[in-house]
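Results of the structural survey
These are the residues of each chain, in order.
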Amino acid sequence: MSYQTEYDRSMNDPEGFWRKQAEALEWFKFPQQIVKTEADGQGYWFADGQMNTAYMALDHHVNTGRGDQLALIFDSPVTHTKATYTYSQLTDAVALTAGMLAGLGVVKGDRVIIYMPMIPEAVIAMLAVARLGAIHSVVFGGFAPPELAVRIDDATPKVIMSASCGIEIKRTVEYKPLLDRAISLAVHKPESCVIYQRPQCIATMTERDYDWSTLLAGATPVGCTPVLGSDPLYILYTSGTTGKPKGVVRENGGHAVALKYSMSAIYNVNPGDVFWASSDVGWVVGHSYIVYAPLLQGCTTVVYEGKPIMTPDAGALWRVCAEYGVKALFTAPTAFRAVKKEDPDALLMQNYDLSQLQTIFSAGERLDAPTETWLGEHSGKPVIDHWWQTETGWAITANLQGVEPMPVKLGSSTKPVPGFNVQILDEHGEVQPAGTQGYIALKLPLPPSCLNRVWGDDNKFRDSYLAFLPGYYTSGDGGYIDEEGYVFVMGRVDDVINVAGHRLSTGEIEEVIASHPDVAECAVIARDDEIKGQTPMALVVLKTGSAISEAELHKQLVARIRETIGAITCYKDTVVLARLPKTRSGKTLRKTLCNIVNGREYSVPSTIDDTAVIPEIIEVLRSRQIVI
Ligand code: COA
Ligand code: AMP
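First things first, this report covers the structure right here in the doc. Quick caveat: nothing in here was measured; it's all calculated off a predicted structure.

Okay, the overall build of the protein chain next. Helix and strand counts for the protein chain come out as 18 helices and 32 strands. What you see for the protein chain is a C-alpha radius of gyration of 24 Å, in line with the 25 Å of a compact globule of 628 residues. Structurally, the protein chain occupies a C-alpha span of about 75 × 60 × 55 Å along its principal axes. Across the 628 residues of the protein chain, 60% fall into the buried class. Within the protein chain, contacts between residues separated by at least 24 positions form 71% of all contacts whose residues are at least 6 apart in sequence. Entry remark: accessible area of the protein chain is about 23400 Å², with carbon and sulfur atoms responsible for 50%. With 55 positive and 72 negative side-chain charges, the protein chain shows a spacing of 2 Å between the two charge centroids.

Written as structure tokens, this is what we have:
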């Protein structure tokens, strides 16, 4: 079938198209209403279907003869550990862990926060929560206690599941003190915490804590609780333009249907194939493509506790692919750039038999042309960039390997995935002609899996995503579509930056910096980075009379940001300025500053209050060798 036929079907008969995809899953009661479209264009999918996502992902495969096939491979170069779980073993482990949580009073609709490193127990925890019809909210292990506290207060979990530690390249991160601090900062207190003790570090327990293994030993396995297609499976927080992260709510029905479809249509993997998304369960890529999609499709998923380099070398990705016969590898451009820097001639790749690897997928940030070319030339495999967001849970644009592989255009994530009506609009909502840059917007209704609410705030979804361009979902990204319908995503048009594929809010970083006693005001902008794509840089104006040196201020800001947001912020530069450029209405010219810092062409709006400030700033940036 051609891409165009498939895509047109999804547009012309969305109900028929998605009913067919839904039939590929085992529902307790098949949905009577496939989609309900509201007056504002919003679509609600499979709302009255009865199901359980963990059942579809695990029990169903055991019941249909896949019980002895590997469901999960754990590979941890940082602890020199490997383990495997068949579908039967994983189902049993999940049923028992669900029983453990049920023993703590967790029932359908309750929230459970999971703050864990990349170990199988993190995946088991997610599926166990899903089995109970409860709602998980995984918080990335690299977030600092205040970030975790914000999520605790928003999701109000009954239970938090965590581990004693995570292992980073140069250090062991003790999670328990971070968790304790987060709970002390939060207003909401969970009833209990279940701590998985790892041998690398044993956590000190408090009266609300339970030892995971001890509790599990006394637990009784439980079955799957039926939920409605519209019931939430999880909440995943993501950075927006404001300081407070948004809790994206993912519904069970649309999520399962879209992910299952994506495995065949986009990734071209079949039941029994090995699929590896080298990410972290704390991010949407981990939720969708380490946990749910591979298991819904009956594949074997790889849980990797390591990095693309230094664990032990830049051959790590290729070693794992060869050792487990990975058919599709999915990771972020940052990982490939790091490998390319360490092993520019890809010599380590040659040590491994990559004959089973069919396709390499990239997402999380724009795949730059030199990296794409390098990877394609050295691996000899198709390198497929695809664009998506936490809000959608799966790709919006891709090169559909399971439908009709199309020629790759460097810098483009190819064409809209069936179900997504992608348009380029100007700020008045006018559709732009081919080749013209604008806001990338998705015409409503959105296809299955995409968010239709933000946890705990009924208006936030509409205000944040729908209000700007009525009838459309605003993606926050800018770009263009060429004459052949290829989509080019050029970057965020809001205050979100992308550091090593991690989405961060400059507003949030600014809040931390502005709280420093010597800082009068600041602007945080993204500075281009060879490996991480972007890193945050602050331009700071000191309070009158402050005598702090730039170096000392920088040191203190680094510490504050690590303690408040987390080390993943990779905060690298502080530049003290006499003043910031502003419009007459007082708006800081962040875009102009960003272009100057990155040596790009910049324009100075006519509304600037004093044109002399720009040459002044350029002079300071030159003296720091930030611009030449
Ligand atoms: N728990 C605690 N700390 C964490 C963490 C976690 N799960 N993940 C990262 N950190 C810390 C790191 O230890 C590091 O701390 P440091 O400054 O004290 O060394 C900091 O956060 C930055 O981490 P990272 O971005 O991983 O940088 P790195 O220099 O350690 O590694 C790369 C560089 C390129 C190998 C790494 O950035 C990478 O693997 N990137 C790909 C990321 C990815 O897959 N993103 C896709 C998400 S879809
Ligand atoms: P997240 O929600 O953390 O997955 O981040 C989503 C954002 O990452 C998008 O809005 C884009 O800005 C960026 N992004 C993800 N994938 C791509 C891609 N393939 N090309 C360009 N940008 C991407």
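This part takes up empty space enclosed by the protein. Inspection of every chain in the model, using the stated rule, returns 4 cavities of 30 Å³ or more. Considering the residues around the largest cavity, the lining is formed by Gly43, Tyr44, Trp45, Val249, Arg250, Glu251, Gly254, His255, Ser449, Cys450, Leu451 and Asn452. For the lining of the largest cavity, the secondary structure elements donating two or more residues are β2 (43-45), β15 (246-251) and α9 (252-265). Across the lining of the largest cavity, the residue classes break down as 5 nonpolar, 5 polar and 2 charged.

Here the focus is the site of ligand 2. The full set close to ligand 2 counts 15 residues, and Asp385, Thr390, Asp477, Arg492 and Arg503 are the nearest of them. The backbone of Glu365 places a nitrogen or oxygen atom 3.5 Å from a nitrogen atom of ligand 2. At a separation of 2.7 Å, an oxygen atom of ligand 2 approaches a polar side-chain atom of Arg492. Taking 500 Å² as the accessible area of ligand 2 by itself, protein coverage stands at 93%. For the shell around ligand 2, the elements supplying multiple residues, two or more each, are β21 (387-388) and β27 (487-492). Within the shell around ligand 2, the residues separate by chemical class into 4 nonpolar, 5 polar and 6 charged.

This brings us to the nonpolar core. Leu90, Leu127, Tyr289, Phe330 and Trp394 are the most contacted members of the largest nonpolar core, which totals 114 residues. Excluding its chain neighbours within four sequence positions, the residues that come into contact with Leu90 are Leu58, Ala71, Leu72, Tyr85, Ile124, Leu127 and Leu295. Grouped together as the second largest cluster of nonpolar side chains are 46 residues, Phe143, Ala155, Ile160 and Ile565 included.

For the rest of this paragraph, the subject is the site of ligand 1. Looking at ligand 1, there are 25 residues lining it, with Glu168, Arg171, Lys307, Lys532 and Arg562 nearest. One nitrogen or oxygen atom from the main chain of Gly141 is found 3.4 Å from a nitrogen atom belonging to ligand 1. Within the backbone of Gly142, a nitrogen or oxygen atom sits 3.4 Å from a nitrogen atom of ligand 1. About the coverage of ligand 1: the protein hides 83% of its 940 Å² of free accessible area. Its residues placed into classes, the shell around ligand 1 shows 13 nonpolar, 7 polar and 5 charged.

By the element assignment, His287 lies in helix α10 (residues 284-296). A distance of 3.0 Å separates the side chain of His287 from the backbone oxygen of Val281, its partner in a polar contact. The contact partners of His287, leaving out residues within four places of it in the chain, are Met126, His136, Val138, Tyr234, Leu236, Val281, Gly282 and Tyr292.

Let's shift gears to helix α12 (residues 333-342). Across the 10 residues that make up α12, a large majority, 7, are buried. Where α12 is concerned, the buried positions are Pro333, Thr334, Ala335, Phe336, Arg337, Ala338 and Val339. Contacts made by the buried residues of α12 are with α11 (316-324), β18 (326-331), β19 (359-362), α13 (369-379) and β31 (533-542).

Reading the values: rules and limits
- Residues numbered from 1 in each chain as written.
- Chains lettered and ligands numbered in written order.
- Predicted model: local features only at pLDDT ≥ 70, side-chain atom pairs only at ≥ 80, totals over all residues.
- Heavy atoms only, no water.
- Helix = DSSP H or I, 4+ residues; strand = E, 2+ residues; numbered from the N terminus.
- Rg over C-alpha atoms; globule rule 2.2 N^0.38 Å.
- Buried < 20%, exposed > 50% of the residue type's maximum accessible area, 1.4 Å probe, protein only.
- Contact = heavy atoms within 4.5 Å.
- Areas by Shrake-Rupley, 256 points an atom, 1.4 Å probe, with all protein chains shown as cover.
- Lys, Arg positive; Asp, Glu negative; His and termini not counted.
- Charge placed at Lys NZ, Arg CZ, Asp CG, Glu CD.
- 1 Å grid on protein atoms, 1.4 Å probe; cavity = no way out; pocket = protein on both sides within 12 Å on 5 of 7 lines; lining within 4 Å.
- Points joined across faces, edges and corners; volume = space filled by probe spheres on them.
- Nonpolar A, V, L, I, M, F, W, Y, C, P; charged D, E, K, R; others polar.
- Near = heavy atom within 4 Å.
- Polar contact = N/O pair within 3.5 Å; in protein donor to acceptor, adjacent residues only side chain to side chain.
- Core = buried A, V, L, I, M, F, W, Y, C linked by side-chain atoms within 4.5 Å.

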